[in-house]
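Letter by letter, the chains look like this.
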Number of protein chains: 4
Amino acid sequence: MKPVIGVGMVGHAFMGRAHSQAWRSVSAFFDLPVVPSMAALCGRSPDRTAQAARELGWAAAETDWKQLVKRDDVQIVDICTPGDSHAEIAVAALAAGKHVLCEKPLANTVAEAEAMAEAAREAAERGVQAMVAFNYRRVPAIALARRLVAEGRLGELRHVRAQYLQDWIVDPEFPLVWRLRKDKAGSGALGDIGAHIVDTAQFVTGQNLTGVSALTETFVKERPLAEGSAGLAGESRTGEKGTVDVDDAALFIGRFEGGALASFEATRFAAGRKNALRIEINGSKGSLAFDFEAMNELWFHDHTLDGDEAGFRRIIVTEPGHPYAGAWWPPGHGLGYEHTFTHEVKDFLEAVAAGTAPSPSFEDGLRVQRVLAAVEASAADESRWTVV
Amino acid sequence: MKPVIGVGMVGHAFMGRAHSQAWRSVSAFFDLPVVPSMAALCGRSPDRTAQAARELGWAAAETDWKQLVKRDDVQIVDICTPGDSHAEIAVAALAAGKHVLCEKPLANTVAEAEAMAEAAREAAERGVQAMVAFNYRRVPAIALARRLVAEGRLGELRHVRAQYLQDWIVDPEFPLVWRLRKDKAGSGALGDIGAHIVDTAQFVTGQNLTGVSALTETFVKERPLAEGSAGLAGESRTGEKGTVDVDDAALFIGRFEGGALASFEATRFAAGRKNALRIEINGSKGSLAFDFEAMNELWFHDHTLDGDEAGFRRIIVTEPGHPYAGAWWPPGHGLGYEHTFTHEVKDFLEAVAAGTAPSPSFEDGLRVQRVLAAVEASAADESRWTVV
Amino acid sequence: MKPVIGVGMVGHAFMGRAHSQAWRSVSAFFDLPVVPSMAALCGRSPDRTAQAARELGWAAAETDWKQLVKRDDVQIVDICTPGDSHAEIAVAALAAGKHVLCEKPLANTVAEAEAMAEAAREAAERGVQAMVAFNYRRVPAIALARRLVAEGRLGELRHVRAQYLQDWIVDPEFPLVWRLRKDKAGSGALGDIGAHIVDTAQFVTGQNLTGVSALTETFVKERPLAEGSAGLAGESRTGEKGTVDVDDAALFIGRFEGGALASFEATRFAAGRKNALRIEINGSKGSLAFDFEAMNELWFHDHTLDGDEAGFRRIIVTEPGHPYAGAWWPPGHGLGYEHTFTHEVKDFLEAVAAGTAPSPSFEDGLRVQRVLAAVEASAADESRWTVV
Amino acid sequence: MKPVIGVGMVGHAFMGRAHSQAWRSVSAFFDLPVVPSMAALCGRSPDRTAQAARELGWAAAETDWKQLVKRDDVQIVDICTPGDSHAEIAVAALAAGKHVLCEKPLANTVAEAEAMAEAAREAAERGVQAMVAFNYRRVPAIALARRLVAEGRLGELRHVRAQYLQDWIVDPEFPLVWRLRKDKAGSGALGDIGAHIVDTAQFVTGQNLTGVSALTETFVKERPLAEGSAGLAGESRTGEKGTVDVDDAALFIGRFEGGALASFEATRFAAGRKNALRIEINGSKGSLAFDFEAMNELWFHDHTLDGDEAGFRRIIVTEPGHPYAGAWWPPGHGLGYEHTFTHEVKDFLEAVAAGTAPSPSFEDGLRVQRVLAAVEASAADESRWTVV
């Protein structure tokens, strides 16, 4: 029988539900060296947490994350809270010898992220692992994109254009939920979805951004107050309005280490685009294009083919040889959003079991944070070129 | 606390794994009146069944389906075996007072299907429910298509064109697995995937096919023998060849009750098409198009709009108001193949709890079987028009 | 200086305008051995013909096609009238030693088409050429498709599915124009657009259909009478209704010489589909897909590639090495509908100048006619298999 | 009979051929108040110009543009030369009382463009018209986009993202043609194709850019010398290399007058993208998307529809009510690249005949030039925000 490893999770809203499905499913599809046990779920409200634990399959419920971290049956702490609490929980859990999987963005500030990366480095020396949850790396199509770039199929990279387009706050009456509050979320579209495209672009290219020039904007400057602060769903409205102190959209152009030019855009005001995380990369030997709204497809242009028969081809990324795909269904039977989390915990568990560093590391999360900080600095300084 | 209802499943290959994920996940996403308990899994090999039960989350393992049916902790029997055993198991389970969820096609012959439908009718009088597992009805986009047709948005239906295109046996060296053997599978592409598009088309239109004219073909008439017989994956090959006695492809044209013309095609020889279950419907007021390879999208043309701004629109079927979608993730965060099964068991459990007839019924499964039989009869008689 | 060859055209409605643009443009883009001169246009109304000649660039106007055929400055007769007059004009023109380009379908009956093919054979012995105007063969993407099939890139052909979908008579108040009258048009969707997909499929595959099983339907059986009879545009309406005596839609399945299964559908009732001439071909080594609504694209799946990177690729058929494309604009600067006619007259003029047989021949046109006749025969006889 | 107006054209390479087709075809499709006569073509080489005149349908040939401008049979001067000669020819032609149609970019510098705009203003007072040839405004889909924005269908504009992606110089051995030389072309991708997206975006939004922050890059800094300098086609190569002194790619972000955020990218290094002029606009009530590689399609999302049935719809812009489309073929029979020029001369001729100012004016061309200059200034100054 395989060894069991206990998981304790903090937070049970959107991310908590997604992570729960991953912990619940991973052993049924992947032959892992360890079996995760869903030991305990932590939330603020006793009732709601108990109910969530029951629904989501957690054996116990806690209301104080410090208790959760102390539990003997917890070897992994999975942090699914808003960004303002990441640093405190992660640093404490690592100090307590617990492996940590932490939602993105790693933190709300570079300083916090630095402290976390430092804690992770120290923990690693003790064999304790930390990983930041940039789940889109585990979309099979994006992992395949990374593989094609790494194999040199694109040649020298010339262009990266990345967009993350949503439209859930186009309506000015959409309330001021926590994701629109700087104290909770750190920033707006930039940190929430901009962080994803920065990480995805750096992951797929295998290169870091060296500098940026940026614009940010808050189109709707006041919104109805919501009673609570959780999640994407609107809260009950009181008639009062509050100030939106985060960006609605962020655009920037930049350069990668290898010389490629890049453009990035993160917005929640792209009417009709629901979750369009898009990336297109052009190189001297080929190009790639991806849009999460059709997440099982990767478009690949092989520029070394005869021009008369070349073209962007739609690879349906469900073949046995594709990253992660072989564990699931026959070709053409696509995966969904939540599978990215299943793949994430699969890789995390394998790293933990092997005692190796999981990826993306807290250091990677910090690197993204530095890009976000450079974007904000540039936007505040007449879009001036800002080194990351 | 909600009442628990025990499930026993027969078969743990492709369909068994898909159903397991559904039973495992459904309570985390849907607020059901009952909680399914994964009581026991039945397979032929003790070792492999025990291992599958462990991996897939079943509490016990059985090697005789008759024992499974007898178990007190089993109130639902879920049949995931090849078609040749459906009738025997289903009839016995219903007789034993167990609710039955049976994979499609309902049976390998019309006679078997009739016996099953008869057993289901009798069981229903005793409050015992039966359902055939045409899972594609539970793709949100297909359920939305049904809704739009039912609301009259397409007007009078004129055309239905349905295709189910796969390519997994294009290679003549692909072995003679059970799905290519008449004794196990009943027919080839026709019963396996043709059954799906017949059911889907009848479901979405709300109408039955009244007659057909058909062609079938076996392109590769001999294939290497496989040691075993299970699933899509190739078995070890012995060098010997065996005869393929099922169709590789089936085409037919037909008419629906309401006067629409229809064409159907099921094939495993459409190189490059992986799981392209496609349906397009044209009516006097609008049209719909769907392709499972992009399963989160439904294309809708509203012909009542001003012609200058009309066109097929890509509805990403992940909105809270879309069938099933609200239980999962925010808009644009798509679902995958397996979710169709989760929706299926959700609807089945609700019907069982309410004591109402789940849909599609065994009668619906029989109706599909009659269409398949008419197709085979027409193909064997110079494509002559054959009434269903 | 290049020799000049005089062209006389009969008919100046839709096809006449398209052919005029071809004759007017061809020398500017293709380096031909002869220069066409637009000598005379023939129509029934003196005034309207004179005006059309002026607008479309014809040097003279005639109102009797027999006069046109006699003109010394006319060496080519281009027939753009409805199908009921094709045979008489073409046979007379060929007898008079004039090369003939004749719109499709070649004729309204097999008997007429046979007479025309016979006349063309005799004329060919005298060095007089005849060609039927299946213009879609000259879509660069379709010509490229033919090339790929001929080069063996698809291997053995398994499936052909062809559709020609329009929606211009969905409205039951659309009037009874000549295309909806059997005496003028011979048949409905079948002869008008069905003829195109039969020819296109036979051209691209390089194979003939050997038999069919068919359904036809007239959804709207009476329509308002139109004063005149010309073209697609509605005429003034008188309140009276007349009987539609042609098919609104025709579906058939069939087999090609090489064993491929085929399905065809021609309809004017596919709401939202404007001019969707579609063809998909699956072979043992690859597949092709085309839709005229995106006429500059050919989708090619190379099944011999590694499965992990295979997929349908979108070839934008505007490269210098693509058929016809090099004569026009740089890559990515697409062509339109009318260019198919320019390519058609280019190929026709080259054949005439070289004294070789142009393609498609009247014999090819007759072959299509025989398929249409078989379709009608099968549809009238319970869809029974009918040999072409 | 309609009055005739004589046209003299300078240049007979790519643009000259496109304009010739427009002058040749326009009267056959549009009922214009005047009939253009293709009076004379001007080029540098007597032989090549004479041949081009013959092929393209010009009545006479000239080798000195000053002679062309003086001709009595020329009332319109159409300038199709590289940007370095635009100012001199245009100013002289306007001074001589000739209406001027001038290819884009209007000039190679802001100073030249200012002089031209000034000359045009003066000429307009004398009833002499001037127009800059931003032909993409005359793509029916783009004109329809403008109409939808003007009608308020998008509401308040939030985002504009425009790209013009080509790949014809990805190969470092592609020679140093005139479009890669600053003295001839003024700039590289920026002025050639960046100018188009700036104009297109300003046209469709009806707003001007107020400022930009930019990056430019020359990926391949030396290229083989070509003997000549004309056009896109490679010249014979001498083995020697020369310096590329223009940009290969230009990226910038900016803001529109109305507050929308914008991103622009022009590159000739997007492997696999042939002529992808793309624009997407998001507003508070709807969105639009366009890609010239599918030039007959406009994608429109109506955000005021019920969310359950909203989605980007593919409008095939070939309906009678669509801009320009009614003059051509039935719905679904698409247009090509060259039609944009036919529409351009149609609008120009109508304005000339009516004595009204054609659009886009030289002032509009100057405005684009100022944006290009701001882009270059920002790129040279650490991407600093630069007011247009």
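The shown structure was predicted, so the numbers you read here are calculated from the model rather than taken from an experiment.

Here we take up the pairing of strand 11 (residues 249-256) of chain A. All names here are of chain A. Summarising burial for strand 11: 7 of the 8 residues are buried, a large majority. Judged from the 8 bridges that link them, strand 8 (residues 209-217) and strand 11 form a sheet pairing that is antiparallel. Across the sheet, Leu209 pairs through a bridge with Phe256, a residue of strand 11. In terms of strand pairing, strand 11 meets strand 12 (residues 261-267) through 7 bridges, oriented antiparallel. Across the sheet, residue Gly254 finds its bridge partner in strand 12, namely Ala262. Between the end of strand 11 and the start of strand 12, which pair antiparallel, lie 4 residues, with Gly259 showing a positive phi angle near 105°.

All right, on to the UniProt feature "domain: Gfo/Idh/MocA-like oxidoreductase N-terminal" (unreviewed entry) in chain A then. Those residues carrying the UniProt feature "domain: Gfo/Idh/MocA-like oxidoreductase N-terminal" (unreviewed entry) are residues 5-125 of chain A in this numbering. A helix fraction of 49% and a strand fraction of 21% characterise residues 5-125 of chain A, whose end C-alpha atoms lie 20 Å from each other.

We now examine the packing of aromatic side chains. Tallied over the entire structure, the rule returns 66 aromatic pairs over all chains. Ring plane angle 40° and centroid distance 6.2 Å describe the contact between Phe14 of chain A and Trp329 of chain B, whose orientation is recorded as tilted. Of this pair, Phe14 of chain A sits in helix 1 (residues 14-29) while Trp329 of chain B sits in the loop between strand 16 (312-316) and helix 9 (339-354), each in a different chain. Judged by relative accessible area, which is 5%, Trp329 of chain B ranks as buried. Three or more aromatic residues joined by ring pairs make a cluster, and in this case those are Phe14, Tyr136, Tyr164, Phe292, Tyr337 and Phe341 of chain A together with Phe29, Phe30, Trp328 and Trp329 of chain B. When the ring centre of Phe312 of chain C is taken as reference, the NZ or CZ atom of Arg273 of chain B above it lies at 3.6 Å.

Moving on: the environment of Met116 of chain D. All names here are of chain D. On the secondary structure map, Met116 appears in helix 5 (residues 110-125). Given the relative accessible area of 0%, Met116 is considered buried. In sequence terms Met116 and Glu88 are 28 residues apart; their C-alpha atoms lie 8.6 Å from each other. Non-local contacts of Met116, meaning those with residues more than four positions away in its chain, are made with His86, Ala87, Ala90, Val91, Cys102, Leu106, Ala107 and Phe362.

On to the interface of chain A and chain D, then. Contacts between the two partners involve 46 residues from chain A, matched on the other side by 46 residues from chain D. Both faces considered, chain A and chain D share a buried interface measuring about 3,600 Å² in area, 57% of it formed by carbon and sulfur atoms. Three residues, Arg158, Leu215 and Ile253 of chain A, lead the burial of chain A against chain D; their summed loss comes to 15% of the area buried on that side. Applying the counting rule to chain A against chain D returns 8 salt bridges.

Each copy of the chain is related to the other by a rotation around an axis and a translation along that axis. Of the transformation placing chain B onto chain A, the axial shift is 0.0 Å and the rotation is 180°, giving an RMSD of 0.0 Å. Such a turn and shift between the copies fits a two-fold axis. In terms of proximity to the rotation axis, the leading residue of chain B is Gly336 of chain B, whose C-alpha is 2.1 Å off the axis.

The next thing to look at is the relation of the copies chain A and chain D. Take chain A, turn it by 180°, move it 0.0 Å along the axis, and it overlays chain D with an RMSD of 0.0 Å. Mapped onto chain D, 100% of the interface residues of chain A are again interface residues, and the two copies thus contact each other with one and the same surface.

Attention now goes to the side chain of Ser287 of chain C. Within the secondary structure, Ser287 of chain C sits in strand 14 (residues 286-291). Owing to a relative accessible area of 0%, Ser287 of chain C belongs among the buried residues under this scheme. There is a polar contact of 2.9 Å between the side chain of Ser287 of chain C and the side chain of Asn282 of chain C. Apart from the residues lying within four places of it in its own chain, the contact partners of Ser287 of chain C are Ala270 and Ala271 of chain B together with Leu154, Ile281, Asn282, Trp299, Phe300, His301 and Phe312 of chain C.

Moving on, we come to the interface of chain B and chain A. With 39 residues of chain B at the interface, the matching set in chain A holds 39 residues. In total, about 3,200 Å² of surface goes out of reach between chain B and chain A, with carbon and sulfur atoms giving 57% of it. Among the residues of chain B in contact with chain A, Arg17, Trp329 and His333 of chain B are the three that bury the most area, contributing 19% of the side total. At the surface where chain B touches chain A, the tally comes to 4 salt bridges. The closest approach of N and O atoms between Glu293 of chain B and Arg314 of chain A, which form a salt bridge, is 3.3 Å. For the pair chain B and chain A, the number of links is 16 residue pairs in polar contact (both at pLDDT 80 or more). Mapped onto the side of chain B that touches chain A, the elements with two or more residues apiece are helix 1 (14-29), helix 2 (46-56) and strand 16 of chain B. Looking at the side of chain B that touches chain A element by element, the count peaks at 9 residues for helix 1 of chain B.

On to the sheet that holds strand 5 (residues 99-103) of chain D, then. All names here are of chain D. A sheet is described by the order of its strands in space; here 6 strands give the open sequence 3-2-1-4-5-6, paired in parallel fashion. Where the open sheet ends on each side, the last strands, each with one partner, are strand 3 (60-62) and strand 6 (130-133). Neighbour-to-neighbour, the strand axes of this sheet turn through a mean angle of 25°, independent of strand direction. Both strand 4 (residues 76-79) and strand 5 contribute to a ladder of 4 bridges, which runs parallel. In the strand pairing of strand 5, Asp78 is matched with Leu101. Contacts between helix 1 (residues 14-29) and the sheet are confined to strand 1 (4-10), strand 2 (35-42), strand 4, strand 5 and strand 6, with strand 2 contributing the most and set at about 155° to the helix.

Looking now at the state of the cysteines. Going through the model one piece at a time under the given rule, you end up with 0 disulfides over all chains. Of all cysteine sulfurs, the one in Cys102 of chain B lies closest to Cys80 of chain B, which takes part in no disulfide; the gap is 8.6 Å. Taking relative accessible area as the criterion, Cys80 of chain B reaches 8% and is therefore assigned buried. Distance from the sulfur of Cys42 of chain C, which forms no disulfide, to the nearest cysteine sulfur (Cys80 of chain C) is 11 Å.

It is worth spelling out the pattern of salt bridges at this point. Considering all chains together, one arrives at 142 salt bridges over all chains under this definition. For the salt bridge of Arg147 of chain C with Asp308 of chain A, the shortest nitrogen-to-oxygen distance reads 3.3 Å. Of this pair, Arg147 of chain C sits in helix 6 (residues 140-150) while Asp308 of chain A sits in the loop between strand 15 (297-302) and strand 16 (312-316), placing the two residues on different chains. Sharing partners across several salt bridges, the network here consists of Arg161 and Glu280 of chain A together with Glu265, Arg273, Arg278 and Asp291 of chain D.

Okay, unusual backbone geometry next. A cis amide bond, omega -10°, links Lys104 of chain C with the succeeding residue Pro105 of chain C. Position of Pro105 of chain C among the secondary structure elements: in the loop between strand 5 (99-103) and helix 5 (110-125). Following Ser359 of chain D, the chain continues to Pro360 of chain D via a peptide bond in cis, the omega torsion being 5°. Looking at the element boundaries, Pro360 of chain D is found in the loop between helix 9 (339-354) and helix 10 (362-380). Look at Tyr324 of chain B: it is not a glycine, yet its phi comes out positive at around 70°. Locating Tyr324 of chain B in the fold gives a position in the loop between strand 16 and helix 9. Look at Ser383 of chain C: it is not a glycine, yet its phi comes out positive at around 65°. As for its position among the elements, Ser383 of chain C is in the loop between helix 10 (362-380) and strand 17 (386-387).

All names here are of chain A. Domain assignment breaks chain A into domain 1 (4-136) and domain 2 (139-357 + 368-379). For domain 1 versus domain 2, the distance between C-alpha centres works out to 23 Å. Here domain 1 and domain 2 share an interface that buries about 3,800 Å² over both sides, 70% of which is from carbon and sulfur atoms. The residue Arg370 makes a salt bridge to Glu114 at a minimum N-O spacing of 3.0 Å. At the surface where domain 1 touches domain 2, the tally comes to 11 residue pairs in polar contact (both at pLDDT 80 or more). Broken down by secondary-structure element, the contributors of at least two residues to the side of domain 1 that touches domain 2 are helix 1, strand 5 (99-103), helix 5 (110-125) and strand 6 (130-133). With 9 residues, the top contributor of residues to the side of domain 1 that touches domain 2 is helix 1.

The rules behind these values
- Residues numbered from 1 in each chain as written.
- Chains lettered and ligands numbered in written order.
- Predicted model: local features only at pLDDT ≥ 70, side-chain atom pairs only at ≥ 80, totals over all residues.
- Heavy atoms only, no water.
- Buried < 20%, exposed > 50% of the residue type's maximum accessible area, 1.4 Å probe, protein only.
- Helix = DSSP H or I, 4+ residues; strand = E, 2+ residues; numbered from the N terminus.
- Pairing = 2+ DSSP bridges.
- UniProt positions renumbered as here; feature names shortened; annotations may be inferred.
- Phe/Tyr/Trp six-rings, centres within 6.5 Å; stacked < 30°, edge-to-face > 60°.
- Lys NZ or Arg CZ within 6 Å of the ring centre and 35° of its normal.
- Contact = heavy atoms within 4.5 Å.
- Buried area = accessible area lost by both parts, 1.4 Å probe.
- Salt bridge = Lys/Arg side-chain N within 4 Å of Asp/Glu carboxyl O.
- Least-squares fit on C-alpha atoms with pLDDT ≥ 70 in both.
- Polar contact = N/O pair within 3.5 Å; in protein donor to acceptor, adjacent residues only side chain to side chain.
- Axes fitted to C-alpha atoms, helices over the stretch in contact; angles between N-to-C directions.
- Disulfide = S-S within 2.5 Å.
- Domains from an automatic or database assignment.

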